Amino acid sequence: MIPILYSFRRCPYAMRARLAISVSGQPVELREIVLREKPQSFLATSPSATVPCLQTKTDVLDESLDIMKWSLAHHDPERWLDMPDAGHAWIARADGPFKSALDRTKYATRYPEHDPAEQRDKAAEFLTDLDQQIDAWIFERPTLADFAIFPFVRQFAFIDKPWFDTQPWPNLQKWLDTHLNSALFSRIMHKYPQWHETDPQTLFP
C-alpha cells in the first residue's frame, strides 16, 4: 500500500509535511481536500479531522511533525534530522507561543478578547530572537527546524508584508526569501485539484 496523505495546499502544517516528504522522495498518494467539504474517507481516517493526515499500512499520523519525522526516517538525504537539540526548542516555541500570537493577529475577529496589536508584538518577540539566531540557516546548515518553522513565518509575514519588510530582521527576511524562492517550495506548492472519492491516484512527490 502506498501511504495516503490528506493535504490542503495553503495549510502551513500541511506545507511542512509536504516539504519533508518531497525531500525524502518517499512516495505517497496525495489527496488534496477542501476544508469546508471534508470527504467521508478523510473524516473516517483523521482522529482530529485536520490536515495533514498520513495513512500508512499500519498507522495513522495526524501530526505534521510526526509526518516529517516519518518521511525522513525512511530517507534523509540532506540530513535534516541531524540537528542540535536546541532545534526542538525552537520548533516548540514556533508551534506554541508564536503560533498562538500569529492566529490572534491574523484571525483577530475570532479572538475578540485579545488585542491584535499586542499579539503581533508577542509574535515579533519570537521573530526577533529567531533573526538573531539565523545566519544563513538556524544552525550551520539546513535542518528540520528551518523547514518546520518556515511555513508559519511565511504565514505571519503575509498578514502585512510591507510592515514585515520594514522590521529590523535582515537575517530572518533573507532566510524567508531563500525558502520562498527555492525549487523545493515551488515543487510542494503545485496546485492539485480537489480530491474526490472516485478520482484516480495522484502520486507525490
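Analysis parameters
Residue positions within a chain follow its written sequence, with the count starting from 1. Where local features are concerned, this predicted model is filtered to residues with pLDDT of at least 70; where side-chain atom pairs are given and counted, the filter is 80 or more; whole-chain, interface and lining totals use all residues. With hydrogens and water stripped out, all remaining heavy atoms of the structure feed into the side-chain values. Domain start and stop positions are those given by an automatic or database domain assignment. Residue contacts are defined here by distance: any two heavy atoms, one from each residue, within 4.5 Å place the two residues in contact. In short, buried area is how much 1.4 Å probe accessible area vanishes from two parts on joining, totalled over both. The working definition used for a salt bridge is a side-chain nitrogen of Lys or Arg within 4 Å of a carboxyl oxygen of Asp or Glu. Two N or O atoms count as a polar contact when they lie within 3.5 Å, although within protein this holds only if one can serve as hydrogen donor and the other as acceptor, and sequence-adjacent residues are included solely when both atoms are side-chain atoms. Secondary structure elements are defined from DSSP: runs of H or I of at least 4 residues count as helices, runs of E of at least 2 residues count as strands, and each element is numbered from the N terminus. Gly falls in the polar group here, along with every residue not listed as nonpolar (Ala, Val, Leu, Ile, Met, Phe, Trp, Tyr, Cys, Pro) or charged (Asp, Glu, Lys, Arg). Here's how the labels work: a residue is buried when its accessible area is under 20% of the maximum for its type, exposed when over 50%, partly exposed in between, all with a 1.4 Å probe on protein chains only. Note: two strands are recorded as paired if DSSP finds a minimum of 2 bridges between them. Here, the term right-handed applies to a crossover whose path from the first strand over the helix to the second runs clockwise when the strands point away from the viewer. Convention adopted: a line fitted to C-alpha atoms gives each axis, helices being fitted over their contacting stretch, and angles between N-to-C directions are expressed from 0 to 180 degrees.

- The name that an unreviewed UniProt entry assigns to the protein is Glutathione S-transferase, with the source organism given as Epibacterium ulvae.

1. With respect to the domain arrangement of the protein
- Assigned domains of the protein: these are domain 1 (4-78 + 191-204) and domain 2 (85-185).
- Taking the mean C-alpha position of each, domain 1 and domain 2 sit 23 Å from one another.
- In this assembly, twelve residues from domain 1 lie in contact with 15 residues from domain 2.
- Summed over both partners, the interface of domain 1 with domain 2 buries about 1200 Å², with 74% contributed by carbon and sulfur atoms.
- Broken down residue by residue, the surface that domain 1 buries against domain 2 is led by P12, R16 and L19, which jointly contribute 43%.
- Counting the contacts that link domain 1 with domain 2 gives one salt bridge.
- Of the charged contacts, one joins D95 and R16 as a salt bridge, the two residues approaching to 2.9 Å between their closest N and O atoms.
- At the boundary of domain 1 and domain 2, one finds two residue pairs in polar contact (both at pLDDT 80 or more).
- Put simply, the parts of the chain that give the side of domain 1 that touches domain 2 at least two residues each are α1 (12-24) and α3 (64-74).
- Class assignment for the residues of the side of domain 1 that touches domain 2 results in eight nonpolar, one polar and three charged.

2. Regarding the pairing of strand β1 (residues 4-7)
- Neither face of β1 is left uncovered, since the one carrying I4 and Y6 and the one carrying L5 and S7 both have all their residues buried.
- Here β1 runs beside strand β2 (residues 28-32); their pairing, made up of four bridges, is parallel. Looking at the pairing, Y6 lines up with R31 of β2.
- For the segment spanning β1, α1 and β2, crossover handedness is right-handed.
- Pairing of β1 with strand β3 (residues 53-55), which is carried by three bridges, proceeds in the antiparallel orientation. Counterpart to Y6 in the pairing with β3 is C53.

3. Some remarks on the sheet that holds β1
- Spatially, the five strands line up as an open sheet ordered β4-β3-β1-β2-β5, and their pairing is mixed. Lying at the two open borders of the sheet, with one neighbouring strand each, are β4 (60-61) and β5 (203-204).
- Of the strand pairs in this sheet, β3 and β4 are connected by two bridges, and their pairing is antiparallel. Within β4, the position partnered with Q55 by the bridge is V60.
- Sheet strands touched by α1: β1, β2 and β5. Its angle to β1, the strand with the most contacts, is close to 145°.

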